[in-house]
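A look at the structure
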Amino acid sequence: MEFCVSLRDLSVSFGSRQILKGVNVDFPCRKVTVLLGRSGSGKTTLLRSINRLNESFDGYRGYGTGRVFLDGVLRPISGSGSLPLSILRRKVGMVFQSPNPLPLSIGKNILLPLALVAGKEGEEGKDAMKKALEEVGLWREVSDRLDRPASSLSGGQQQRLCLARALALTPEILLLDEPTSSLDRAAGRRIEELIFSLRERYSILMVSHSLSQAQRLGDYFAILTEGTLNGLLPASELPHGAEAETFIANLL
Amino acid sequence: MFSSSSSPPWLRTVSLGVGAILASVFAFILFSALAALLRGVEWEFFGAVWSPREEKFGLLPMIYGSLILSFSALALGWVLSLGCCCTLRGLGPRWLAKILLTSLRFMTAIPTVVYGFAAVFLLVPVIRSAFGGSGFSWLAAAVMLALQGVPAMTLTMDGALQSIEEQTSLTAAALGLTPVQHLTWVVLPASKKWLLSSALLGYGRALGDTLLPIMLAGNAPQFAASPLESLRTLTAHIGLTLSTGAGGGERSSLLLAGGLLLVNSMIVSLTARALAGRGPAA
């Protein structure tokens, strides 16, 4: 099995609090892997250790090794031989729990990172923006108001904008941190459909708070228990129907 | 009418009393200014000559002086404040930001007279030896007014920048933006209204300051054409004329000067409030 991220003995702590305790796991390429676990089990920290976002927080200390498979090469996430931080984060896109458009216009939310991080400006940038907005089904809704503030969009639209913003930077891996938890049911379903449609082109690591959502989307499941994780569970090994929920709940 | 309010009656009485006192002060200044304007047509209050001996009480040089001094001090001070803010928000090294923040907080506690005093002995001689003249000039007053305004403007700007930075830093980092790109392309554009509102605050303060212009600007009631020339502001004019005893046309002209300053401050303050009320673009 090809893998997109490989973590060995990964431990992360903030100040005196240890969040991840020696995690060993290989996440498969071009599959949806759903991270499950109780609150505080380290799901978000695990995601953020892949794009080095944990380093943005005070008191961060990390041990162990992590490697990512990007541009056909397996490289360390940090240290010698790693990609520059801005390129790593461009190649490993992230969508957060709550929609977080920048306090700019709808268009600028995508055009600005495209120009600054990917060097795509002018027509090239606009084409990439249109493609990304079409990919998340938002182009027809916003094409005539790209200069309006992104905050004028509904929550679901904002989350699709954030997904489009990440996709515009042509990532290979997508980190989705409970992307539907702050949305209403219909908007959440829309995002789920999108994730489903992206599964064959991107390697997706997703934190989910919902077991039924995990079952609908996941090819693999990673169960985190108090900062530890060992191996993955393929969807084929899950019991069917309601039993699956009980099965996973027992593992948490 | 206060049935929905839970505040005790004495508190409401005190607040109404204070409000009424403030309103009466404003009303007094505005009505006096209006009365002076109506009565003193022959004194040519908006004339270009101030010469009490010739019964000419023209305020135009002082209005001009106030405006050019506050705008020049603002232009200089605003740019300095923006620079300080960017240093505080990560463009400079951390140790420099710490020193700067401590200095700015310390500067807010320094009495204006100390700024004036220091400038008389440090800045004015430098201007005198470098450019000639007495050194007491538009330039000396503008530099010191700018410096005096920097702490308030910087701390106001920084409050807005910090709040937007906190809201957006993780998103920007996750997109691969560097902290400098984040500040330049996201935080500053999103803080436009606050940057403008801090400029209005700086302008209001520069316009209202009396001591620095009196001590440093030379106080000649003339239209200064160069930063090295002397000028007199409305505030300095009120201070100087009152201290030498004023009656008749002089007194009326001072009331009008006070009214003009009050109206200007009200416009600035209301505009700043309207801008701040709308807040940074969310």
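Residues numbered from 1 in each chain as written. Chains lettered and ligands numbered in written order. Predicted model: local features only at pLDDT ≥ 70, side-chain atom pairs only at ≥ 80, totals over all residues. Heavy atoms only, no water.

Let us look at the overall build of chain A. Each helix and strand counted, chain A has 9 helices and 10 strands in total. On C-alpha atoms alone, chain A measures out to a radius of gyration of 18 Å, which is about the 18 Å that the 2.2 N^0.38 rule sets for 252 residues. With the C-alpha coordinates aligned to their principal axes, the bounding extent of chain A is approximately 50 × 45 × 35 Å. Burial statistics for chain A: of 252 residues in total, 52% are counted as buried. Intrachain contacts of chain A at a sequence separation of at least 6 include 68% that bridge at least 24 residues. Total accessible area computed for chain A in this model is approximately 11,100 Å², and 47% of it derives from carbon and sulfur atoms. (Helix = DSSP H or I, 4+ residues; strand = E, 2+ residues; numbered from the N terminus. Rg over C-alpha atoms; globule rule 2.2 N^0.38 Å. Buried < 20%, exposed > 50% of the residue type's maximum accessible area, 1.4 Å probe, protein only. Contact = heavy atoms within 4.5 Å. Areas by Shrake-Rupley, 256 points an atom, 1.4 Å probe, with all protein chains shown as cover.)

With that out of the way, let us pick up the sheet that holds strand β4 (residues 60–70) of chain A. Residue and element names in this part refer to chain A. One open sheet accounts for 4 strands, arranged β2-β1-β4-β5; its pairing is antiparallel. Edge positions in the sheet fall to β2 (17–28) and β5 (73–76), since each has one partner strand and no second. Across the sheet, the mean angle from the axis of one strand to that of its neighbour is 5°, orientation sign disregarded. Across 8 bridges, strand β1 (residues 3–14) lies against β2 in antiparallel orientation. Across the sheet, residue L10 finds its bridge partner in β2, namely V23. (Pairing = 2+ DSSP bridges. Axes fitted to C-alpha atoms, helices over the stretch in contact; angles between N-to-C directions.)

Below, the discussion takes up the environment of A:S98. All names here are of chain A. Here S98 is to be found in the loop between β6 (92–95) and α3 (106–117). Residue classification places S98 among the partly exposed residues on the basis of a relative accessible area of 41%. Taking C-alpha positions, S98 is 24 Å from F27, a pair spaced 71 residues apart along the chain. With residues near it in sequence (within four places) discarded, S98 still touches Q159 and S182.

So, about the environment of A:R17. Residue and element names in this part refer to chain A. Tracing the backbone shows R17 in strand β2. Classification of R17 as exposed rests on a relative accessible area of 53%. Expressed as a C-alpha distance, the spacing of R17 and Y60, which sit 43 residues apart in the sequence, is 9.7 Å. Discounting residues that sit within four places of it in the chain, R17 has contacts with V12 and G40.

Our focus in this paragraph is the interface of chain A and chain B. Listed by partner, the interface residues are 20 residues for chain A and 15 residues for chain B. Between chain A and chain B, a total of about 1,600 Å² is buried, with carbon and sulfur atoms accounting for 74% of that surface. The interface formed by chain A and chain B contains 0 salt bridges. Taken together, chain A and chain B are joined by 2 residue pairs in polar contact (both at pLDDT 80 or more). Contributing elements (two or more residues each) for the side of chain A that touches chain B: α2 (85–91) and α3 of chain A. Top contributing element to the side of chain A that touches chain B by residue count: α3(A), with 4 residues. (Buried area = accessible area lost by both parts, 1.4 Å probe. Salt bridge = Lys/Arg side-chain N within 4 Å of Asp/Glu carboxyl O. Polar contact = N/O pair within 3.5 Å; in protein donor to acceptor, adjacent residues only side chain to side chain.)

What follows is about the side chain of B:D158. All names here are of chain B. Within the fold, D158 resides in helix α6 (residues 138–174). On the basis of relative accessible area, D158 is assigned to the buried category, the value being 7%. Sequence-distant contacts of D158, that is, excluding residues within four places in its chain, are made with C85, L88 and R89.

Our next topic: the sheet that holds strand β8 (residues 203–207) of chain A. Residue and element names in this part refer to chain A. Spatially, 6 strands are ordered β6-β7-β8-β3-β9-β10 in an open sheet, and the strand pairing comes out mixed. A strand with exactly one partner marks an edge of an open sheet, and here the two such strands are β6 and β10 (233–234). Direction of pairing for strand β9 (residues 220–224) relative to β10: antiparallel, over a ladder of 2 bridges. For F221, the partnering residue across the bridge sits in β10 and is L233.

All names here are of chain B. At a minimum axis distance of 9 Å, the contact between α6 and helix α8 (residues 192–208) shows a crossing angle of 155°. Between α6 and α8, the angle falls in the class roughly antiparallel. Viewed along their axes, α6 and α8 form a crossing whose handedness is right-handed. Residues L145, Q148, A152, M153, T156, M157, A160 and L161 of α6 form the contact with α8, whose own contacting residues are W194, L195, S198, A199, L201, G202, R205 and A206. Counted by class, the contact of α6 with α8 contains 11 nonpolar, 4 polar and 1 charged residues. (Parallel < 35°, antiparallel > 145°, perpendicular 65-115°, else oblique. Left-handed = near helix turned anticlockwise from the far one by under 90°. Nonpolar A, V, L, I, M, F, W, Y, C, P; charged D, E, K, R; others polar.)

Moving on to the nonpolar core. A general trend in soluble globular proteins is that nonpolar side chains are found buried together. All names here are of chain A. If you look at the biggest cluster of nonpolar residues, it comprises 53 residues, and the most contacted ones within it are L133 and I204. Broken down by element, this core gets its largest block of residues, 6 residues, from helix α6 (residues 155–168). Residues L7, V12, L20 and F27 belong to the second largest nonpolar core, which totals 32 residues. (Core = buried A, V, L, I, M, F, W, Y, C linked by side-chain atoms within 4.5 Å.)

Turning next to the state of the cysteines. All names here are of chain B. For the structure on display, the rule yields 0 disulfides over all chains. With no disulfide of its own, C86 lies 6.5 Å from the sulfur of C85, the closest cysteine sulfur. Overall, the relative accessible area of 11% leaves C86 in the buried class. (Disulfide = S-S within 2.5 Å.)

Bringing the packing of helix α2 (residues 60–91) of chain B against α6(B) into the picture now. Residue and element names in this part refer to chain B. For the pair α2 and α6, interaxial distance at closest approach is 6 Å and the crossing angle is 40°. Here α2 lies oblique to α6, going by the angle between them. Two packed elements cross with a definite hand, and for α2 against α6 that hand is right-handed. For the contact of α2 with α6, a count of residues per class yields 22 nonpolar, 5 polar and 3 charged.

It is worth spelling out α3(A) at this point. Think of an α-helix as turning once every 3.6 residues; residues three or four places apart then point the same way. Between its terminal C-alpha atoms α3(A) stretches 18 Å, which fits the 16 Å expected from 12 residues at 1.5 Å a residue. Of all the positions in α3(A), only A:I106, A:G107, A:N109, A:I110, A:L112, A:P113, A:L114 and A:V117 are classed as buried. Against the buried residues of α3(A) lie α2, α4 (122–135), α5 (139–142) and α6 of chain A together with α7 (179–190) of chain B. In the segment just after α3(A), A:G119 is the residue with positive phi, at about 70°. (Expected span 1.5 Å × (residues − 1).)

The next point concerns the confidence of the model for chain A. On average, residues of chain A carry a pLDDT of 90, and 99% of them reach 70 or more. Across chain A, the element-wise mean pLDDT spans from 73 in helix α9 (residues 242–251) of chain A up to 96 in α3(A). (pLDDT = per-residue confidence, 0-100.)

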